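Each chain, letter by letter, is given below.
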Amino acid sequence: MAAPEGREQGPGRDARAAESQATIGSMVPSPMNSNREHGDTPVIELRDLSYHYPSRPLAPSLDAVNLRIRAGETVALVGPSGAGKSTLFHLLQRFDDPQQGELLLWGQDAREWSLEALREQMAIVPQDATVFSATAADNIRYGRPAASDAEVRAAARAAFADDFLQALPQGYDTHLGEHGVRLSGGQRQRIAIARALLKNAPILLLDEATSALDAESERMVQAALDATVAQRQSPLSGASAERGAGAAPIERDAGAVTGGAAQPPRTTLVIAHRLATVQRADRILVFEHGRVVEQGTHESLLAHGQLYARLAALQFTGLSPA
Ligand SMILES: Nc1ncnc2c1ncn2[C@@H]1O[C@H](COP(=O)(O)OP(=O)(O)OP(=O)(O)O)[C@@H](O)[C@H]1O
């Protein structure tokens, strides 16, 4: 089973109990089949969902949230610190289950999915990416163990990691991690992006780094994230025209990265800190105190003149669009 990278490892007690009763993987609807059968079924749906962490029973981190995210949407999550953005990622990966309401994936309650099948549908790029004690190639291949060397290289190129990996003492065979070469934060994040691109899952969860990266790394990570967000569909699915202007590097390599398999449109959720990301998003959800208090595009939310407009003035000042 793919071990997702997150703040906590493993499901909570409720999630484990649910998993033991869960539908077996083969009975779980595949995203492609579900979309075909139920054209407008949201990929992700929250119905009156409330959640508190076990240690804080009186403080809901998500409070009666209703949300529908369609296949192929790119949705930016913004809001003050502690507003509940990461908690949504926590529940999507089923580290725990909500105490009230429902979380549905392709119309099916998340509790009915096997953990393995559910996590197969998601690729995660966390803020603080993990590098395993393994070769650089195997660190990327972790995203899809059956991937060929050429696919690993293509993913690395798309994530702007190829140059620095080639420059390592043994190139892609260089051992990384605890007993190997240590990478910078920006390099680690590009490895995580390459891993996620290689996995090419229908749902992509990105947490943009807030920590300071050196200028070159920052530029590379931003370019890699932009390419990732822009890669909405595999080239084989015939929607290349929908991809954004920043898609060029990934378009060049996407066929090799995906192994040529046709994929459903990718749905991307990104905890956003950059102006370029929110401008590119189809929809921005503004979180405050565990609720979605505003949603819309960058322009519509600025015009609304409420929390988003205040956050934008503070958070995005000085950052220029890609
Ligand atoms: N592991 C945890 N145990 C207990 N409470 C938590 C835990 N993680 C988050 N919280 C609390 O849940 C609330 C929502 O936090 P969350 O991390 O989802 O916010 P966020 O919007 O992602 O903030 P940030 O932008 O700072 O990451 C906060 O009150 C936070 O203190």
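Remember, it's a predicted structure, so these values are computed and weren't measured experimentally.

Undergrad: Explain the overall build of the chain to me, please; I cannot follow it from the model alone.
TA: Looking only at helices and strands, the chain features 13 helices and ten strands. Here the contacts in the chain between residues at least 6 apart in sequence split such that 72% fall between residues at least 24 apart.

Undergrad: Mind showing me how you'd approach unusual backbone geometry here?
TA: Leaving glycine aside, a negative phi is the common case for residues, and trans is the common case for peptide bonds. You will see that Arg94, though not glycine, has its phi angle at about 60 degrees, which is positive. Positionally, Arg94 belongs in the loop between helix H3 (85–92) and strand S4 (100–105). The phi torsion at Asn200 lies on the positive side, around 50 degrees, for a residue other than glycine. Note that Asn200 resides in the loop between helix H8 (185–199) and strand S7 (203–207). Residue classification places Asn200 among the buried positions, given that 22 C-beta atoms sit within 10 Å.

Undergrad: Help me out: how do you make sense of the packing of helix H6 (residues 149–158) against H8 in this one?
TA: Describing two packed helices takes the angle between their axes plus the distance from one axis to the other. Viewed as axis vectors pointing N to C, H6 and H8 meet at an angle of 125 degrees, and their least axial separation amounts to 8 Å. Classed by the angle they form, the pair H6 and H8 counts as oblique. You can see that H6 and H8 cross each other, and the crossing is right-handed. Of the residues in H8, those in contact with Glu151, Val152, Ala155, Ala156 and Ala158 of H6 are Ala194, Leu197 and Leu198. Tallied by class, residues from the contact of H6 with H8 come to seven nonpolar, no polar and one charged.

Undergrad: Hey, could you run me through the sheet that holds strand S10 (residues 291–296) in this one?
TA: What holds strands together in a sheet is hydrogen bonding between their backbones, with the strands either parallel or antiparallel. Strand order in the open sheet formed by six strands is S6-S7-S8-S3-S9-S10, and the pairing between neighbours is mixed. With partners counted over all chains shown, the strands left at the sheet margins are strand S6 (122–125) and S10, one partner each. Strand-to-strand, the axes of this sheet are offset by a mean angle of 20 degrees, without reference to chain direction. Sheet analysis places strand S3 (residues 74–78) next to strand S9 (residues 283–288), joined by four bridges and oriented parallel. Bridge pairing in S9 links Leu77 to Leu285. The strands touched by H3 are S3, S6, S7, strand S8 (267–271) and S9; relative to S7, the strand with the most contacts, the crossing angle is about 145 degrees.

Undergrad: Would you mind going over the nonpolar core with me for this structure?
TA: Buried together is how nonpolar side chains tend to be arranged in soluble globular proteins. In terms of nonpolar packing, the biggest core is built from 76 residues, with Leu77, Ala155, Ala159 and Ala194 touching the most fellow members. Considering every element that reaches this core, the biggest residue donor is H8, with seven residues. With sequence-adjacent residues up to four places away left out, Leu77 is seen in contact with Lys85, Leu88, Leu269, Val270, Ile271, Ala272, Leu285 and Phe287.

Undergrad: What should I look at first to understand the site of the ligand in this one?
TA: Taken together, the neighbourhood of the ligand is formed by 13 residues, with Tyr53, Ser61, Ser81, Ser86 and Thr87 sitting nearest. Among the elements that line the shell around the ligand, the one with the most residues is H3, at three residues. Residue composition of the shell around the ligand, by class: three nonpolar, eight polar and two charged.

Undergrad: Explain the pairing of S9 here, please?
TA: Consecutive residues of a regular strand have side chains that alternate between opposite faces of the sheet. Bridge analysis of S9 against S10 gives five bridges, and the strand direction is antiparallel. Within S10, the position partnered with Val286 by the bridge is Glu294. Linkage of S9 to S10, two consecutive antiparallel strands, is achieved through a turn of two residues, within which His289 is found at a positive phi near 50 degrees.

What counts and how
- Residues numbered from 1 in each chain as written.
- Predicted model: local features only at pLDDT ≥ 70, side-chain atom pairs only at ≥ 80, totals over all residues.
- Helix = DSSP H or I, 4+ residues; strand = E, 2+ residues; numbered from the N terminus.
- Contact = placed C-beta atoms within 7 Å.
- Buried ≥ 20, exposed ≤ 12 C-beta atoms within 10 Å, placed from the backbone.
- Axes fitted to C-alpha atoms, helices over the stretch in contact; angles between N-to-C directions.
- Parallel < 35°, antiparallel > 145°, perpendicular 65-115°, else oblique.
- Left-handed = near helix turned anticlockwise from the far one by under 90°.
- Nonpolar A, V, L, I, M, F, W, Y, C, P; charged D, E, K, R; others polar.
- Pairing = 2+ DSSP bridges.
- Core = buried A, V, L, I, M, F, W, Y, C linked by C-beta atoms within 7 Å.
- Near = placed C-beta within 6 Å.

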